[in-house]
Amino acid sequence: KADALAKETASAETTEKNVPANIESAYKKARKVYEDGQFDESRRTFQSFLRNYPENNYSDNARFWIGETHYMQKNYRQAILAYEDLLKKNPASDKVPSALLKQWMSFHALNDKKAGDALLEKLVGKFPKSEQAMSAMKILKPPAPVTNPGPTSAGQQWETPADKRQTSNIEEKSVRPAFEYAF
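Attention in this report is confined to the structure presented alongside it. (Residues numbered from 1 in each chain as written. Predicted model: local features only at pLDDT ≥ 70, side-chain atom pairs only at ≥ 80, totals over all residues. Heavy atoms only, no water.)

This part takes up the side chain of Ser 98. With respect to the helices, strands and loops of the structure, Ser 98 is situated in helix 6 (residues 96-109). For Ser 98, a relative accessible area of 18% translates into the label buried. Once you skip the residues sitting within four places of it in the chain, Ser 98 turns out to touch Phe 64 and Gln 132. (Helix = DSSP H or I, 4+ residues; strand = E, 2+ residues; numbered from the N terminus. Buried < 20%, exposed > 50% of the residue type's maximum accessible area, 1.4 Å probe, protein only. Contact = heavy atoms within 4.5 Å.)

For the pair helix 5 (residues 76-89) and helix 6, interaxial distance at closest approach is 9 Å and the crossing angle is 160 degrees. In this view, helix 5 runs roughly antiparallel relative to helix 6, as classed from their interaxial angle. In this structure, the crossing between helix 5 and helix 6 has a hand that is left-handed. Contacts between helix 5 and helix 6 pair Tyr 76, Ala 79, Ile 80, Tyr 83, Glu 84, Leu 86 and Leu 87 from the former with Val 96, Ala 99, Leu 100, Lys 102, Gln 103, Ser 106, Phe 107 and Ala 109 from the latter. (Axes fitted to C-alpha atoms, helices over the stretch in contact; angles between N-to-C directions. Parallel < 35°, antiparallel > 145°, perpendicular 65-115°, else oblique. Left-handed = near helix turned anticlockwise from the far one by under 90°.)

Proximity of charged atoms lets side chains of opposite charge pair with each other. Under the defined criterion, the tally for this structure stands at 10 salt bridges. A salt bridge links Arg 44 to Glu 41; the shortest N-O distance between them is 3.0 Å. Of this pair, Arg 44 and Glu 41 both sit in helix 3 (residues 39-52), 3 residues apart, which is roughly one turn of that helix. On the basis of relative accessibility, which here comes to 47%, the residue Arg 44 falls in the partly exposed class. Across the pair Asp 117 and Lys 113 runs a salt bridge, and its minimum N-O distance is 2.8 Å. Here Lys 113 and Asp 117 lie together in helix 7 (residues 113-126), a separation of 4 residues that amounts to about one turn. When its relative accessible area of 18% is taken as the criterion, Asp 117 is described as buried. Here the residues in one salt-bridge network are Glu 55, Arg 63, Asp 85 and Lys 89, joined through shared partners. (Salt bridge = Lys/Arg side-chain N within 4 Å of Asp/Glu carboxyl O.)

Taken as a class, soluble globular proteins show a tendency for nonpolar side chains to be buried jointly. Membership of the largest hydrophobic core comes to 33 residues, with the highest contact counts inside it found for Phe 46, Phe 49 and Leu 123. Where this core is concerned, the elements lending two or more residues are helix 2 (21-35), helix 3, helix 4 (59-72), helix 5, helix 6, helix 7 and helix 8 (131-140). Of the residues forming this core, the biggest block, 7 residues, is contributed by helix 5. If we skip the residues at most four places from it in the chain, Leu 123 touches Pro 97, Leu 100, Leu 101, Pro 128, Ser 130, Gln 132, Ala 133 and Ala 136. (Core = buried A, V, L, I, M, F, W, Y, C linked by side-chain atoms within 4.5 Å.)

In this section: the packing of aromatic side chains. As enumerated under the stated definition, the model contains 9 aromatic pairs in all. Pairing Phe 49 with Tyr 53 gives two aromatic rings, centres 5.5 Å apart and planes at 50 degrees, and the pair type is tilted. By relative accessible area, which is 2% here, Phe 49 ends up buried. Given a relative accessible area of 22%, Tyr 53 falls into the partly exposed group. Through pairs of rings, three or more aromatic residues link up here, namely Tyr 27, Phe 46, Phe 49, Tyr 53 and Tyr 58. (Phe/Tyr/Trp six-rings, centres within 6.5 Å; stacked < 30°, edge-to-face > 60°.)

Structure representation (structure tokens):
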């Protein structure tokens, strides 16, 4: 039996990823069901895919999409666990940054800021140049609010205290800041 299976696998048509066509076909079927918005069926199809083809070039993607099916249905705890499955079984996957970000989003939806922020810090630490890390940095360190938006009409220029001093020596001599008198 093992020899027959080896011959069948060796003779199977392969794809650009060197994955037998039956594996690629099964993965694409599950993905299509997901894209059609049938999340329960898609999850079952991805789970079946992983049972039939436990480790292959699509395993990490299948695990990620299982997490996505839960996330799309607002089953955030299940989504966190599914993304964690990817992180544990496929730690070198290119899906890891996305899984970490989606775990954060799931924790955020559950109002667990502490766990979520730890994931964002891990994401930024391990994958600093990824798009997901760039998003995480914006979340961790949002830009400071603008207190003075500056000139609002075309041609208007910024006026600094130095500009005022240059144009009005009289004002500079007669008006001193209040803090100078306090000391």
